[in-house]
Structure formats: C-alpha cells, structure tokens
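Chain by chain, the residues run as shown.
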Amino acid sequence: MYPEMSLVFLTVLAGAGQGMFILLVILDALFLKSGEVTPHFLMAAGIASLIFPLAGMAASFFHLGNPQRGWKAIFKWKQSWLSREVIFLPAFVGFQFLYLLLLYSGAPELYRLFAGFLGIVTAMGLYLSSAMLYAAIRFIKEWATALTPINFVLFGLTSGAAATAAAAHYTMPGMTIGYLLSYLVAFLAAFSLVMKGLAFQFNATVYSGISIKNALGMNNPHIRLMDTGTAYPHFNTKEYFFPLTRRQNGIQQTLVLGISFFLPLLMALYAAWNPALKLGGLFSTAAFLIVTGLILERRLFFIQGNHVQNLYYGNYRQNAVKNPATSKAKQGTPRPK
Amino acid sequence: MSQKALVIDLHKCVGCHACAANCKAWNTQGDAGPLTDTNPYAKDPEGVWFNRVQTYEVGKFPEVEVVHLPKSCMHCKNAPCVEVCPTGASYKRVEDGIVLVNYDDCIGCKYCSWACPYGCREFDEFEGVMKKCTLCVDRIYNEALPEEERKPACVIACPAKARAYGDIDDPSSQASRWIAEGKGYKLMPESGADPSNHYLPKRKVNIHVDKEALLKVAHAHINAARNIACDTGSVSEDVAQP
Ligand code: SF4
Ligand code: SF4
Ligand code: SF4
C-alpha cells in the first residue's frame, strides 16, 4: 500500500501520547499520595502527552480530501472502525485536558482520577480502533492479523514510557520512579523487538491463498499481464502498491528494529544499571529514537501491505516459498484432466 | 429484491476499450461529472475512469489465448466498501442494489477503496471525493432519454455486443439469461463480497478448415494479384507461378 505519511504521523504520535497518559495516570493513582511522584512531574508529562495527539490530529487532516466535513465521519460508529477512531481521538484529548485542568486546579483526587480513568478508557479505545481499522481489511493479509492491534498498543506504550521516563528524570531527578521506569522501558522495548520481529516474519511468509487465477476466474497456471488499460499509472496502481525491493525491505526492517527498539533497549538497560545518574537527556534521546523508528516502522507497515487487487495489475508480491500455486513442486505436477 | 448488474462476455470482448471510453465520456459530461484528469492532452495523462480494460495472455503457445477483462464496480451484494465508510457516503440502494457514493458526504478518506477487493473505486484528487461506476444510474432511469437508450453507456458502446445489463435476481432478464446460458461466473468469489457483475468465460471454438475451400480462396487471391501485376506490366516469377 502507498505509505500515507499523514496516517503514519497520526498513529505514531497519538500512540505515544496515549501511552504516556496511561502511564502517568497509573503513577498518579499509585504514587502521588506517598509523594513518590510530584504534581510538577504529572503536569509536565501531562502537557507533553497532550501535544502528541494534537500533532497527530493536525496531521490526519492532510489525509482527507474534504477535511472541512471530516466531522461527518462520526455517523457510522456502529459499523466502521474509522468512525470509532474519529470519535475516540477527540474524546481522549478532551479527557486529557480535563484531567490536567483538575490537576492544576487542585480538585479532589477522586474527580481527577475519574477523568484520568476515562482518559485511559478512551486511549485504549483509540488504540483498538486505529489498529482494527487496518486489521479489518481482510484483503491485506499483512494487516489482518492479531499482531496489528497488539503491536499498535505495545509500540504506543513503549514510546510513551520512554517519554514519561524522560519527564520523570527531568522533573524529579534521583527519585525511585525514574529508576523504576528505566526497567519498564527496557521491558517494553525488548517485548516490542520480539513482536515486531514476529510481524516481519509473518509478512515474509503469509500466503493469502489467492492468485491471478482466482482474480480472473481462470484455472490456468500461465497467466501474464499484457496491458494495464487506460492511462497508466493510475489510482489502482499507485494507492495499493509501493515499490520495495527485497534489499530495501531488509535494510528497512533492520533500521526499524534497531532504531525503535534495540538502541532504546540498550539505553534503558544502561539507565537501570546506573541509578545515580541524571538521565533526562538519555531518555529524551531514547524517546526520540523510538518515535523516529516508529515512523519508519509505520511507513513500512503500509508498504508491506499487499492488497489483493494488485493481482489485476501484476503488482501482487507473492511469497513464493509458501505459495503452493506458484511453488516449483506444484507446477511440475501434471494438471488433473 | 432486485439487483441490477452488468454481464460481460469475455468470449466476445475484443478489447477495443469502447466501453471504457464511452463510460468516461458519459460520466464526465453527465450530471455527476466531470471525472477530472491531469495532463489530459499531454504525455502521461492520468485521471478517473470508472471502467478499465486489462489484457492478459492465458496459457502457453500453442494453447494460448488473449483475454480482455473490462472491470468496473461489481455492485457487490455484500459490499465491503459500504461497511467501512465512516460517513455513510457510500451506500447500497435497496431498490436496485446499485452501490453509490454521495459526493456531498464523502470526506475523501479513501478507506472504502482499501476495502474493495477488486480495485474498482477511484479517488478524484481535484474534488477530494471517492468515485466509482454508478451503473449509469443517470441513464437507466432517465426519462429524457429514448427508451432504448436507457442502458449503461458502456453497454450501448460495445461494438462486439459483449455486455448485457439487467436485474440478475430476475430470471427472465437478459442478464440472467446470459448468466444461465453462458455459465456466468463471478471474479474472486472467495472475497466474500458476492459481486453482482458476472463474466462469461471464453469458449472452446473448433473451426473445421476444409483443404479444398482453403485452396479456392488462395487461388482467387493469386489470380487477383496476377491481374493487378499484368495491368502494371510487371509479372514477377513468384506471382506468375502459384
Ligand atoms: S466492486 Fe468494490 S466498489 Fe464495487 S461494490 Fe464491490 S467492493 Fe464496493
Ligand atoms: S472516501 Fe468517502 S465514500 Fe469512501 S469511506 Fe471515506 S467517506 Fe466513505
Ligand atoms: S455502467 Fe456506466 S458508469 Fe458503470 S462502467 Fe458502464 S458506463 Fe461506466
């Protein structure tokens, strides 16, 4: 699929903001009373977590052909994941804002935590709906897997945790929470590394069970596209296909794993072993790396998505190893009469 | 229930693109037009087409044939494009099963195009809305047109009479008869979309060639060639001696 950068920014940035907000509300509920986190930290991290989804939302408008009536997308929430995403995004931002307002005004803890709780619920709803929007397209096997929603949540939490750790180290240097967050970032980065590795493996071997034979309804092993029709290239050859050689794929996969998860994992481990150091800078770098890596990751997620309509234009990437229809053994066997 | 659709006979289709051209012409000039283009009169023109014809080589020499596949929206019974539309701009009409886009509600998110397994939706960059074959809804019910012209523009244009239009749920319609008689099938039925447009497969044709008849034709040609050659006064050896 063509990598639509506005959607890449939307999902990555909002995902980081959601992760950050979820974490800080949990920290608030568990540690504010005992003084292990400060209101100053909550405020700083809260504002940062608000900026992320706002930036994502701004980016998303560039995707629409008619953004001025984008609000109409709330109508079909009963059937469309996109519609649900459009509802959850502003709802999440709204609860974030309310939470920060209650924190700032010193309102009773119960109200603040309730707003925070609703923020968590909408953040989870947003993760789920943005991921299911892709996973629900059954004609793109690389997207229609449980790995899609799991990874959207996981990667959002990872980037959010790194940003939260940075905020903790800046605003509460030397306090235990910053130290604990190092472990959390290390754990999430390691987990993400494994899950993205699995997703890449899945994409390399997934076979959709469909070929040009099904597309044309002709049971002949030799079908070759001769002419793509009027005015080529056009929407069908550009929206659903983006060139990616095996080599580029390999390089990009390595970069994604390295930048988004492996380097940050090393940094978090370093932080975990050196609790005495001031590590705001280290964690901001880690957060920056994760977000940058995730932008590359989400872009590659699009490009690796292989839509069945590509069959009609000879653009379908068959995974030859797993594809029984194109594998050598199958072609060698005589066809039933 | 009624489900209007097209039936396309791949055996008759000669790949002339007349259906595609007439579709473009009607829909760009009609009430819902234009279908915008970039560089329409220059090198590398690009634009919105509701109907495109792809050509495939099927089989290996000598068992080989050329198949032209005109493809436009299938007006699926289970249209996945309609299910995913967040605004409700994409809808399937109850009365005749035609799938349409309401351009006034479409926000141009392109989500429906991702959900279409057949690649039959095209985005209009200039108007920022999704477009697709309307089954010529502005022709088939158009009382300003003479009765016999109330058919899709592509059907009217087809010089090989390879396209039929009608209600596939009504067994007496021309479309249903074509499907029944010509073993009509659906493209990629495993998509689960249950497309309404049907295709009739290529048929095996055995033509008996009679040697005598062939020689007769050959001689007639040779004689004609000889006459022309005599007229111009230059009889070359190979023409003169069959
Ligand atoms: S062919 Fe595509 S655009 Fe047409 S109804 Fe089916 S899914 Fe929708
Ligand atoms: S592009 Fe338009 S018709 Fe398609 S899903 Fe979006 S709003 Fe609906
Ligand atoms: S029915 Fe009309 S809109 Fe659809 S392909 Fe034919 S001419 Fe084009």
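Residues numbered from 1 in each chain as written. Chains lettered and ligands numbered in written order. Predicted model: local features only at pLDDT ≥ 70, side-chain atom pairs only at ≥ 80, totals over all residues. Heavy atoms only, no water.

Participant: Talk me through the overall build of chain B; I want residue IDs and the actual numbers.
Facilitator: Within chain B one finds eight helices and eleven strands. In terms of overall dimensions, chain B is more spread out than a globule: its C-alpha atoms have a radius of gyration of 23 Å, far above the 18 Å expected for 242 residues. Across its three principal directions, the C-alpha atoms of chain B cover 75 × 45 × 40 Å. Considering chain B as a whole, with its 242 residues, one finds that 51% of them fall into the buried category. (Helix = DSSP H or I, 4+ residues; strand = E, 2+ residues; numbered from the N terminus. Rg over C-alpha atoms; globule rule 2.2 N^0.38 Å. Buried < 20%, exposed > 50% of the residue type's maximum accessible area, 1.4 Å probe, protein only.)

Participant: Describe in detail the packing of aromatic side chains, supporting the description with residues and values.
Facilitator: Residues and elements named next belong to chain A. In this structure the tally under the stated criterion is 21 aromatic pairs over all chains. Look at Trp143 and Phe301: their rings are 5.2 Å apart centre to centre, the planes differ by 10 degrees, and that puts the pair in the stacked class. Here Phe301 lies in helix 10 (residues 280–304) and Trp143 lies in the loop between helix 4 (109–135) and helix 5 (147–171), a separation of 158 residues in the sequence. Phe301 carries the same exposure label as Trp143, and that label is buried. (Phe/Tyr/Trp six-rings, centres within 6.5 Å; stacked < 30°, edge-to-face > 60°.)

Participant: Please provide a residue-by-residue account of the packing of helix 3 (residues 81–105) of chain A against helix 4 of chain A, values included.
Facilitator: Residues and elements named next belong to chain A. Between helix 3 and helix 4, whose axes approach to 8 Å, the crossing angle comes to 155 degrees. Judged on the interaxial angle alone, helix 4 and helix 3 are roughly antiparallel. Taken as a pair, helix 3 and helix 4 cross one another with a handedness that is left-handed. A class-by-class count of the residues in the contact of helix 3 with helix 4 yields 19 nonpolar, six polar and three charged. (Axes fitted to C-alpha atoms, helices over the stretch in contact; angles between N-to-C directions. Parallel < 35°, antiparallel > 145°, perpendicular 65-115°, else oblique. Left-handed = near helix turned anticlockwise from the far one by under 90°. Nonpolar A, V, L, I, M, F, W, Y, C, P; charged D, E, K, R; others polar.)

Participant: Which residues make up the packing of helix 9 (residues 246–273) of chain A against helix 10 of chain A, and what are the values?
Facilitator: Residue and element names in this part refer to chain A. Where helix 9 contacts helix 10, the two axes come as close as 9 Å, and the packing angle between them is 155 degrees. Judged on the interaxial angle alone, helix 10 and helix 9 are roughly antiparallel. Note that helix 9 runs across helix 10; the crossing there is left-handed. Here the residues of the contact of helix 9 with helix 10 are counted per class, giving 18 nonpolar, seven polar and two charged.

Participant: Please provide a residue-by-residue account of the site of ligand 1, values included.
Facilitator: Neighbouring ligand 1 are 13 residues, the closest being B:Cys73, B:Met74, B:Cys76, B:Cys81 and B:Cys116. Tallied by class, residues from the shell around ligand 1 come to ten nonpolar, one polar and two charged. (Near = heavy atom within 4 Å.)

Participant: Describe the pairing of strand 10 (residues 163–167) of chain B, with residues and values.
Facilitator: Residues and elements named next belong to chain B. Judged by how many residues are buried, strand 10 sits mostly within the fold: five of five residues are covered. Pairing between strand 1 (residues 4–9) and strand 10: five bridges, direction antiparallel. Across the sheet, the residue bridging to Val7 is Ala164, located in strand 10. (Pairing = 2+ DSSP bridges.)

Participant: So, the nonpolar core: which residues are in play, and what are the values?
Facilitator: Ranked by size, the top nonpolar core spans 132 residues in total, and within it A:Phe41, A:Tyr134, A:Phe302, A:Tyr312, B:Trp114 and B:Tyr118 carry the most contacts. Tallying contributions element by element places helix 1 (residues 5–31) of chain A first for this core, with 14 residues. Filtering out sequence-adjacent residues up to four positions away, B:Trp114 remains in contact with A:Met1, A:Leu7, A:Leu133, A:Tyr134, A:Ile137, A:Trp143, A:Glu239, A:Tyr240, A:Phe302 and A:His307. One finds B:Leu6, B:Leu135, B:Cys154 and B:Val155 within the second-largest nonpolar core, a separate group that totals 14 residues. (Core = buried A, V, L, I, M, F, W, Y, C linked by side-chain atoms within 4.5 Å. Contact = heavy atoms within 4.5 Å.)

Participant: Lay out the pattern of salt bridges with the relevant residues and their values.
Facilitator: Residue and element names in this part refer to chain A. Here the structure, examined in full by the defined rule, presents 20 salt bridges over all chains. Measuring nitrogen to oxygen at the nearest pair gives 3.3 Å for the salt bridge that ties Lys33 to Glu109. You can see Lys33 sitting in the loop between helix 1 and helix 2 (39–61) and its partner Glu109 sitting in helix 4, a full 76 residues away along the chain. Relative accessible area serves as the criterion here: at 28%, Glu109 is assigned to the partly exposed category. (Salt bridge = Lys/Arg side-chain N within 4 Å of Asp/Glu carboxyl O.)

Participant: So what's going on with the environment of B:Trp114? Which residues, and what values?
Facilitator: With respect to the helices and strands, the residue B:Trp114 is situated in helix 3 (residues 111–115). Along the sequence, B:Trp114 and B:Val84 sit 30 residues apart, while their C-alpha atoms lie 9.3 Å from each other. Looking at B:Trp114, its side chain comes within polar contact range of the side chain of A:Glu239, at 2.9 Å. (Polar contact = N/O pair within 3.5 Å; in protein donor to acceptor, adjacent residues only side chain to side chain.)

Participant: An account of the sheet that holds strand 4 (residues 52–60) of chain B is requested, with residue identities and associated values reported.
Facilitator: What the three strands build is an open sheet, ordered 1(A)-4(B)-5(B); its pairing is antiparallel. On the outer flanks of this sheet lie strand 1 (223–227) of chain A together with strand 5 (63–71) of chain B, each paired with one strand and no other. With strand direction ignored, the average angle separating the axes of adjacent strands in the sheet is 30 degrees.

Participant: Got a sec to walk through the site of ligand 2? Specific residues and values, please.
Facilitator: B:Cys85, B:Pro86, B:Thr87, B:Ser90, B:Val101, B:Cys106, B:Ile107, B:Gly108, B:Cys109, B:Lys110, B:Cys112 and B:Met130 make up every residue found near ligand 2. A per-class count over the shell around ligand 2 returns eight nonpolar, three polar and one charged.

Participant: Lay out the confidence of the model for chain B in plain terms, naming residues and giving numbers.
Facilitator: Residues and elements named next belong to chain B. Per-residue pLDDT for chain B averages 91, and the proportion of residues at 70 or more is 95%. Across residues 235–242, where pLDDT falls below 50, the model places eight contacts with residues more than four positions away in sequence or in other chains. This prediction of the complex comes with two scores: 0.89 for pTM and 0.89 for ipTM. (pLDDT = per-residue confidence, 0-100.)

Participant: An account of the interface of chain B and chain A is needed here, citing residue identities and associated values.
Facilitator: In this complex, chain B contributes 57 residues to the contact, which on the side of chain A involves 58 residues. On the chain B side of the interface with chain A, the three residues burying the most area are B:Tyr56, B:Ile107 and B:Trp114, jointly 17% of the side's total. Where chain B touches chain A, the interface holds five salt bridges. Of the charged contacts in the structure, one is a salt bridge between B:Asp105 and A:Lys72, with a shortest N-O distance of 2.6 Å. (Buried area = accessible area lost by both parts, 1.4 Å probe.)

Participant: Go over the domain arrangement of chain B with me, naming the residues and quoting the values.
Facilitator: Assigned domains of chain B: these are domain 1 (4–200) and domain 2 (209–242). The gap between the C-alpha centroids of domain 1 of chain B and domain 2 of chain B is 49 Å. (Domains from an automatic or database assignment.)

Participant: Which residues make up unusual backbone geometry, and what values do they have?
Facilitator: All names here are of chain B. For the bond running from Phe61 to Pro62, omega is 5 degrees, close enough to zero to count as cis. The residue Pro62 is located in the loop between strand 4 and strand 5 in this model. Positive phi outside glycine occurs at Leu135, with the angle close to 55 degrees. Residue position: Leu135 is located in the loop between strand 9 (129–132) and helix 4 (137–140). Here Met188, not a glycine, exhibits a phi torsion of approximately 40 degrees, which is positive. If you trace the backbone, Met188 turns up in the loop between helix 6 (174–181) and strand 11 (198–200).

Participant: Residue-level account of a nonpolar patch on the surface, with values.
Facilitator: Residues and elements named next belong to chain A. The grouping of Trp71, Ile74, Phe75, Trp77 and Ile87 at the surface amounts to a nonpolar patch, some 520 Å² of accessible area in total. With respect to the helices and strands, Trp77 occurs in the loop between helix 2 and helix 3. The exposure class assigned to Trp77 is partly exposed, which follows from its relative accessible area of 47%. (Patch = residues over 30% accessible without salt bridge, like charges linked within 9 Å, V, L, I, M, F, W, Y side chains within 5 Å. Areas by Shrake-Rupley, 256 points an atom, 1.4 Å probe, with all protein chains shown as cover.)

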